[in-house]
Amino acid sequence: MSRHSPFGHPFLLGFDEIEQALDRVAKAGGDGYPPYNIERVARTPNDPERLRITLAVAGFTREQLDVTLEESQLVVRGRQIDDKTRHFLHRGIAARQFQRAFLLAEGMEVLGADLANGLLSIDLVRPEPDRIVRKIVIASPDQT
């Protein structure tokens, strides 16, 4: 049985990339680690409206975290090395690696990242595009 795509409508031209992005996101799933929030930060007189991604990365230092922008994906990686010299009676906080990817819409910009109190916050903004109206000249067959 084939899946019907909402982007197959004849009035939706050039949306193939969006459909592919949705397929990638659906397959990514992941294990839910680390947990994260995405919030909308209201516009202020000095700053535009932003999105903030906050990941719970307790136990990670700045040096163990890596935030990169790879084409249209924001990728956050965490790498911890297990300290073999420590002897745990109970181990509830695992030293584990992770990778979390967020697919960004065209035009989104990463403003910066901050690590405080075990939370990694990444601020994003989408600049307001200029509204462009362009008249298309209709050519006639006798024009050359």
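Small disclaimer: the values here were computed from a predicted structure and weren't measured.

Student: Go over the overall build of the protein chain with me, naming the residues and quoting the values.
Tutor: Looking only at helices and strands, the protein chain features 1 helix and 7 strands. Ordered by position from the N terminus, the helices and strands of the protein chain form the series α-β-β-β-β-β-β-β. Out of the 144 residues belonging to the protein chain, those deemed buried represent 21%. Of all intrachain contacts in the protein chain linking residues separated by at least 6 positions in sequence, the fraction that spans at least 24 positions is 45%. Accessible surface for the protein chain amounts to roughly 12000 Å². Of this, 53% is attributable to carbon and sulfur atoms.

Student: Before we move on, can you summarise the sheet that holds strand S1 (residues 36-41) with the specific residues and values?
Tutor: Spatial strand order, S1-S2-S7-S6: 4 strands in an open sheet with antiparallel pairing. Either end of the sheet is taken by a strand with one partner, and the two such strands are S1 and strand S6 (109-116). Averaged over all pairs of adjacent strands, the angle between strand axes in this sheet comes to 20°, irrespective of strand direction. Across 6 bridges, the pairing between strand S2 (residues 50-56) and strand S7 (residues 119-125) is antiparallel. Bridging across to S7, Ala-56 finds its partner in Leu-119.

Student: Can you tell me about the packing of aromatic side chains, naming the residues and giving the values?
Tutor: If you walk through the whole model with that rule in mind, you get 3 aromatic pairs. Ring centres 5.3 Å apart and planes at 85° place the aromatic pair Phe-60 and Phe-98 in the edge-to-face group. Of the two residues, Phe-60 is situated in the loop between S2 and strand S3 (65-70) and Phe-98 in strand S5 (residues 98-103); the sequence distance between them amounts to 38 residues. With respect to class, Phe-60 is no different from Phe-98; both count as buried. Chaining the aromatic ring pairs together yields one cluster made of Tyr-33, Phe-60 and Phe-98. A cation over an aromatic ring shows up here: Arg-96 above the ring of Tyr-33, its NZ or CZ 3.9 Å from the ring centre.

Cut-offs and rules
- Once a new chain begins, its residue numbering starts again from 1 and follows that chain's sequence as written.
- Per-residue local features of the predicted model are confined to residues with pLDDT of at least 70, and side-chain atom pairs are confined, for both listing and counting, to 80 or more; whole-chain, interface and lining totals are unaffected and use all residues.
- Hydrogens and water are ignored here; the side-chain numbers use all heavy atoms of the structure.
- Secondary structure elements follow DSSP: runs of H or I of four or more residues count as helices, runs of E of two or more count as strands, with numbering from the N terminus.
- Partly exposed residues are those whose accessible area sits between 20% and 50% of the maximum for their type, while under 20% is buried and over 50% is exposed, using a 1.4 Å probe and protein chains only.
- Note on contacts: a residue pair is in contact if any heavy atoms of the two residues lie within 4.5 Å.
- The method behind every accessible area is Shrake-Rupley, applied with a 1.4 Å probe, and residues are considered shielded solely by the protein chains displayed.
- Strand pairing is assigned whenever DSSP detects at least two bridges linking the two strands.
- Structural elements are reduced to axes, namely lines fitted to C-alpha atoms, with helices fitted over the stretch in contact, and the angle between N-to-C directions of any two is expressed from 0 to 180 degrees.
- The criterion for an aromatic pair is that two Phe, Tyr or Trp rings (for Trp, the six-membered ring) have centres within 6.5 Å, with stacked assigned to planes under 30 degrees apart, edge-to-face to planes over 60 apart and tilted to the rest.
- Placement of a positive charge over a ring is assigned whenever Lys NZ or Arg CZ falls within 6 Å of the ring centre and within 35 degrees of the normal to the ring plane.

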